[in-house]
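Survey of secondary and tertiary structure
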Amino acid sequence: LNGAVATTERARTAPRRIRIRKARVTGLLVVIAAIAVVGLERGTSSSSSITAAAPIHGPRHGGSTGRPGLGEADGAIPDGTSVFDDGIPGVAKLNPDLLDAVRRAATDAAGQGVRFTVDSGWRSRAYQEQLLREAIAKYGSRAEATRWVATPSTSEHVRGDAVDIGPPAAAAWLSEHGAAYGLCQIYANEPWHYELRPQAVAQGCPPTYADPTHDPRMQT
Ligand SMILES: [Zn+2]
């Protein structure tokens, strides 16, 4: 709206006839600008509801379509969320020990120019159910879907015990340094998925499972 305001300021010093015409044009500009703003806000809110749910990586976490009714209260994470964003339930509801370890690691990584973002953290059972429903639609059966998407009962994310870290440079930093914080990659096919393994500080991280189907915790 800055342009319209500037036009009004100029119009005050202009001759009367021109001023009237400019006032009409200005009024029209204001209307057009208002429509544009409403349009932008609609576009932003609808796209943010999609992107909030979208940064769920990999087939295990299901697709990335918009999920009406599932918002931040269910663990949807806005793009660019940091591990320090206490206002985001998907971050705030992580296991406090896991969150503390991730924040210490993120602080040290930041000192080396690597920034951590949270792509997924705590998720509600409803959110996990939705991911599973999407996987059933994709893979054709619940039995096949549960090879790739945890159920609300088996998901470490629902328990608050897992965090998906991005971007890849941050996951790579954790792959090299995470064990010192007790942070371990669990699945070879999910380089972003980290869980707390306190014994890793002294012993290093345990071997990864090739994928979740090899994880005994995922057997239902
Ligand atoms: Zn994960």
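The rules behind these values
- Residues numbered from 1 in each chain as written.
- Predicted model: local features only at pLDDT ≥ 70, side-chain atom pairs only at ≥ 80, totals over all residues.
- Heavy atoms only, no water.
- Disulfide = S-S within 2.5 Å.
- Helix = DSSP H or I, 4+ residues; strand = E, 2+ residues; numbered from the N terminus.
- Core = buried A, V, L, I, M, F, W, Y, C linked by side-chain atoms within 4.5 Å.
- Buried < 20%, exposed > 50% of the residue type's maximum accessible area, 1.4 Å probe, protein only.
- Salt bridge = Lys/Arg side-chain N within 4 Å of Asp/Glu carboxyl O.
- Polar contact = N/O pair within 3.5 Å; in protein donor to acceptor, adjacent residues only side chain to side chain.
- Contact = heavy atoms within 4.5 Å.
- Pairing = 2+ DSSP bridges.
- Axes fitted to C-alpha atoms, helices over the stretch in contact; angles between N-to-C directions.
- Expected span 1.5 Å × (residues − 1).

1. Re the state of the cysteines
Tallied over the entire structure, the rule returns one disulfide. Each sulfur of the disulfide joining cysteine 184 and cysteine 205 lies 2.0 Å from the other. Taking the sign of the S-S torsion, -90° for the link of cysteine 184 and cysteine 205, the bridge is left-handed. A residue pair is termed long-range when its members are at least 10 positions apart, and cysteine 184 in strand β3 (residues 183–185) and cysteine 205 in the segment after α9 (200–203) qualify at 21 residues.

2. Some details on the nonpolar core
Formed by 24 residues in total, the largest nonpolar core has its most connected members in Val102, Phe116, Val163, Ile165, Trp173, Leu174 and Leu183. At the level of secondary structure, the elements contributing two or more residues to this core comprise α4 (96–110), β2 (162–166) and α8 (168–177). Considering each element in turn, this core owes the most residues, seven residues, to α4. Residues Ala76, Tyr127, Ala145 and Val149 belong to the second largest nonpolar core, which totals nine residues.

3. Remarks on the pattern of salt bridges
A pair can form between side chains of opposite charge whenever their charged atoms are brought close. The tally for this structure, following the rule as stated, stands at seven salt bridges. The shortest N-O distance in the salt bridge between glutamate 195 and arginine 197 comes to 3.0 Å. Here glutamate 195 matches arginine 197 in class, with each residue buried. One salt bridge in this structure joins arginine 217 and glutamate 195, with 2.9 Å as the shortest N-O distance. With arginine 217 in the segment after α9 and glutamate 195 in strand β4 (residues 193–196), this residue pair connects regions lying 22 residues apart in the sequence. Using a relative accessible area of 1% as the deciding quantity, one classes glutamate 195 as buried. One network of salt bridges, with partners in common, ties together Glu156, Arg159, Glu195, Arg197, Asp215 and Arg217.

4. Considering the environment of glutamine 199
As for its position among the elements, glutamine 199 is in the loop between β4 and α9. Using a relative accessible area of 38% as the deciding quantity, one classes glutamine 199 as partly exposed. Taking the C-alpha atoms as reference points, glutamine 199 and leucine 183, separated by 16 residues in sequence, lie 9.7 Å from one another.

5. Focus: the side chain of threonine 81
Mapping threonine 81 onto the fold places it in the loop between α2 (16–53) and α3 (89–92). A relative accessible area of 3% means that threonine 81 is categorised as buried. A polar atom in the side chain of threonine 81 sits 2.7 Å from the backbone oxygen of proline 78. The residues contacting threonine 81, other than those within four sequence positions of it, are Ile88, Val91, Phe116, Thr117 and Val118.

6. Examining the sheet that holds β4
The antiparallel open sheet is built from four strands, whose spatial order is β1-β2-β4-β3. The open sheet is flanked by β1 (117–120) and β3, the only strands paired with a single partner. Mean inter-strand twist for the sheet, computed between neighbouring axes without regard to direction, equals 45°. Bridge count between β3 and β4: three bridges; the pairing is antiparallel. For glutamine 185, the partnering residue across the bridge sits in β4 and is tyrosine 194. Across the sheet, α8 lies against β2, β3 and β4, angled at about 120° from β2, the strand it touches most.

7. Comments concerning helix α5 (residues 125–139)
For α5, which comprises 15 residues, the first-to-last C-alpha distance of 20 Å matches the rise-based estimate of 21 Å (1.5 Å per residue) to within 8%. Those residues of α5 not exposed but buried are Tyr127, Gln128, Gln130, Leu131, Leu132, Glu134 and Ala135. Phi turns positive one or two residues past the end of α5, at glycine 140, with a value near 95°.

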